[in-house]
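# Residue-level structure breakdown
Residues per chain are reported as follows:
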Amino acid sequence: MDYEDLFKLKPVLDYDVNNDGKLAYILLENKPTLYVEGKKVEMYYEPEEVKWNGRRVLVSVDKEGSERRSIYLYDGDKIDKILEDENDNFNPTFIKEGLLFISNRDRRTLHLYLYDGKNIVKLSKGEEPVESYCVINDDLIVYSQGIYDNDVYVVNLNGDIIAKVSYRDSEQSVLEQCKYKDGFLFLSNHTNYYSLYYYDLKSGETTLLAKEDEGEIYDAVPHNPLAYVYLKEGRSYLKIGERIIEGGFIHSLKSANSSLYFIMSTYDREDDLYKYDGNVQRLSDSMNGVSGEFIKPASVYYESQGVRIHAFLYSKGGEDKGVVYVHGGPDWLCTDSFNPTIQLLVSNGFKVICPNYRGSIGFGRKFNHLNDKDLGGGDLIDVINSAKILGVKKVAITGGSYGGYLTMMAITKFPENWCSAVAVVPFVNWFTEKQFEREVLKQYDEIKIGNDEKLLKERSPIFFIQNIRTPLLILAGENDPRCPAEETLQVVEELKRLGREIRYKIYKGEGHGFVKRENYVDSIKETVEFIVNNCK
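Residues numbered from 1 in each chain as written. Predicted model: local features only at pLDDT ≥ 70, side-chain atom pairs only at ≥ 80, totals over all residues. Heavy atoms only, no water.

Further remarks concern unusual backbone geometry. Residue P225 is reached from N224 by a cis peptide bond, and omega for that bond is 5 degrees. Inspection of the secondary structure puts P225 in the loop between β21 (216-221) and β22 (227-232). Omega for the peptide link from G329 to P330 comes to 5 degrees, which places this bond in the cis form. Summarising the element assignment, P330 is placed in the loop between β31 (321-326) and α1 (340-347). One non-glycine residue, S258, lies in positive phi territory at about 65 degrees. Tracing the chain through its elements places S258 in the loop between β25 (249-256) and β26 (259-266). On the basis of relative accessibility, which here comes to 68%, the residue S258 falls in the exposed class. (Helix = DSSP H or I, 4+ residues; strand = E, 2+ residues; numbered from the N terminus. Buried < 20%, exposed > 50% of the residue type's maximum accessible area, 1.4 Å probe, protein only.)

The next subject is the side chain of D271. Relative to the assigned elements, D271 resides in strand β27 (residues 269-276). Among buried Asp, Glu, Lys and Arg side chains, D271 stands out as unpaired, with R269 the closest opposite charge at 9.7 Å. (Lys, Arg positive; Asp, Glu negative; His and termini not counted. Salt bridge = Lys/Arg side-chain N within 4 Å of Asp/Glu carboxyl O.)

Okay, the pairing of strand β2 (residues 23-28) next. Across the six residues of β2, six count as buried, placing the element largely inside the fold. Alternating positions in β2 separate into two faces, L23, Y25 and L27 on one and A24, I26 and L28 on the other, with burial throughout. The pairing of strand β1 (residues 12-17) with β2 spans five bridges and is classified as antiparallel. Bridging from a neighbouring strand, V12 pairs with L27 of β2. What sits between the antiparallel neighbours β1 and β2 is a turn of five residues, in which G21 has the positive phi angle 80 degrees. Counting the residues that bridge the hairpin from β2 to strand β3 (residues 32-36) gives three residues. (Pairing = 2+ DSSP bridges.)

A word on the pattern of salt bridges. Taken as a whole, this structure holds 42 salt bridges when the rule is applied. A salt bridge links R438 to E67; its shortest N-O distance comes to 2.7 Å. Of the two residues, R438 is situated in the loop between α5 (430-436) and α6 (439-448) and E67 in the loop between β6 (56-62) and β7 (70-74); the sequence distance between them amounts to 371 residues. Residue E67 is classed as buried on the basis of its relative accessible area, which comes to 11%.

Pairing analysis gives four bridges linking β7 to strand β8 (residues 79-83), with the strands arranged antiparallel. Counted as the bridge partner of I71 is L83 from β8. Where β7 folds back on β8, the antiparallel hairpin that results is connected by four residues, among which G76 adopts a positive phi of roughly 100 degrees.

Our focus in this paragraph is helix α8 (residues 485-497). Taking 1.5 Å of rise per residue, 13 residues should cover 18 Å, and α8 covers 19 Å from first to last C-alpha, within 8% of that figure. Listing the buried residues of α8 in full gives A485, E487, T488, Q490, V491, V492, E494 and L495. Buried residues along α8 sit in contact with α4 (402-413), α5, β35 (472-477) and β36 (503-507). One or two positions beyond α8, positive phi appears at G499, with a value near 75 degrees. (Expected span 1.5 Å × (residues − 1). Contact = heavy atoms within 4.5 Å.)

Below, the discussion takes up the state of the cysteines. Any covalent bond linking the sulfur atoms of two cysteines counts as a disulfide. This model, assessed by the stated rule, comprises three disulfides. Indicated for the protein is the disulfide connectivity 1-2, 3-4, 5-6, based on numbering the bonded cysteines in sequence order. C483 takes part in no disulfide bond, and the closest cysteine sulfur to it belongs to C354, at a distance of 17 Å. Given a relative accessible area of 5%, C483 falls into the buried group. (Disulfide = S-S within 2.5 Å.)

The next subject is the packing of aromatic side chains. Here the structure, examined in full by the defined rule, presents 24 aromatic pairs. Plain terms: the ring middles of F262 and Y274 are 5.6 Å apart, the flat faces sit at 10 degrees to each other, and that makes the pair stacked. A residue pair is termed long-range when its members are at least 10 positions apart, and F262 in strand β26 and Y274 in strand β27 qualify at 12 residues. Here Y274 falls in the buried class, since its relative accessible area comes to 9%. Between F427 and W430, the ring centres sit 4.7 Å apart and the planes meet at 65 degrees, which makes this aromatic pair edge-to-face. Here the two residues F427 and W430 agree in accessibility, since each one is buried. Taken together, the ring pairs in this structure connect Y357, Y402, Y405, F427 and W430 into an aromatic cluster. The lysine or arginine in question, K254, covers the ring of Y15, its NZ or CZ lying 4.6 Å from the ring centre. Above the face of the F463 ring, K457 is positioned so that its terminal group lies 5.4 Å from the ring centre. (Phe/Tyr/Trp six-rings, centres within 6.5 Å; stacked < 30°, edge-to-face > 60°. Lys NZ or Arg CZ within 6 Å of the ring centre and 35° of its normal.)

Here you go:
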């Protein structure tokens, strides 16, 4: 695989299937592109989410990465605007009374709303964000709400609370297809690892349906037999009755017309759409003829300040240089999925490690909270210690989003460790980040890092830029509402003031990540070549 091959890849970004088995999906082509029953649908902005509504399709569309999404309806002939304003409107579902959707229209958090074509009514209460919701019937909706202490609420169309499922100091999450028997399915990690539960609306009783030993269930559907997906050591497993399908990373599990559908990526294939009806069938071709000597990562563990850390190690053998690849989030993880940046680094003679530092998901609630009020502290040490596993003298570091932040922390706090660094859509200043990031992240950061000014300064790379000794490249999105491009410009201005060199790019019309094909390919090429050229 080379850089030109990246233009050929066609991963599935989202999909939906109706009860007749008809598909609507979004592929990454020159930009994200909508297909309905195999027919290409032209849209001005990038489609991000697709949902069937009878024989029509609801589409959430993002405006050049700004996360001010609009909702459209495609009926097979034309596209109509349903809801378009300066707010972030997404996750739409039509019910008898109108359109349900999640939005930040109060400019403080994310709530669940009902739009009847004239009026928009807020259904969820309180000041915390709605994470997800599910329609049980024409009269009842269930949703999950909160940050790190999520509860599940059942409400009517007036927003009146009918039932509440809550466990202390834990997260409860609602599934997209939740209706099951006389109630609904939900996930809870109140026993540390996420497990699958059933809530009976008639009796008010909760029943444990499935759990995995040191594995976290993160998706499920009311199929026959019950089907769910769980994570263990960064790899996904789809369990259908007694059958287990191993994937790299599996998501978007759905049940329709007696079949299961899901998106799966492996170390050697991009995201493809699959169908299971007793046999596994691949319905898309994400690789589009692209092949290569792709390396399957090995699971490794190491100790870091007494904490056992999992990582994926990519190696052909015999490398004399390496890269630490830092995942974002921090509520995310390294997965055994297709990563062109990593594969291209390996093909250029680098050994690569991707650590699941403390605070990563997939390893239980306790592990996920080990970095509370300590962002850029213990998790940074885990990243630094992962480089020792590489066993080479020359090591580069790269990461995106929170991984970009940890990259900047690494080169300012441990400046002598690196032969080069690439930070993708990073933030560098907790004070300005908390001021200008989008509203729901402000809420998140209040809980995760807090307001101790001494700590915020200590954990802000911008105040230690003078320590940088390694060649640095920063890539950012012009319209990023999560880690604004202004964060990158702070670094540029400070390094220029110090008379230091800095290479950076701010991609126009992009947000928190690069979805236009030209920019997507360029960002990978820039990352790999910068590391290769500076770590010879």
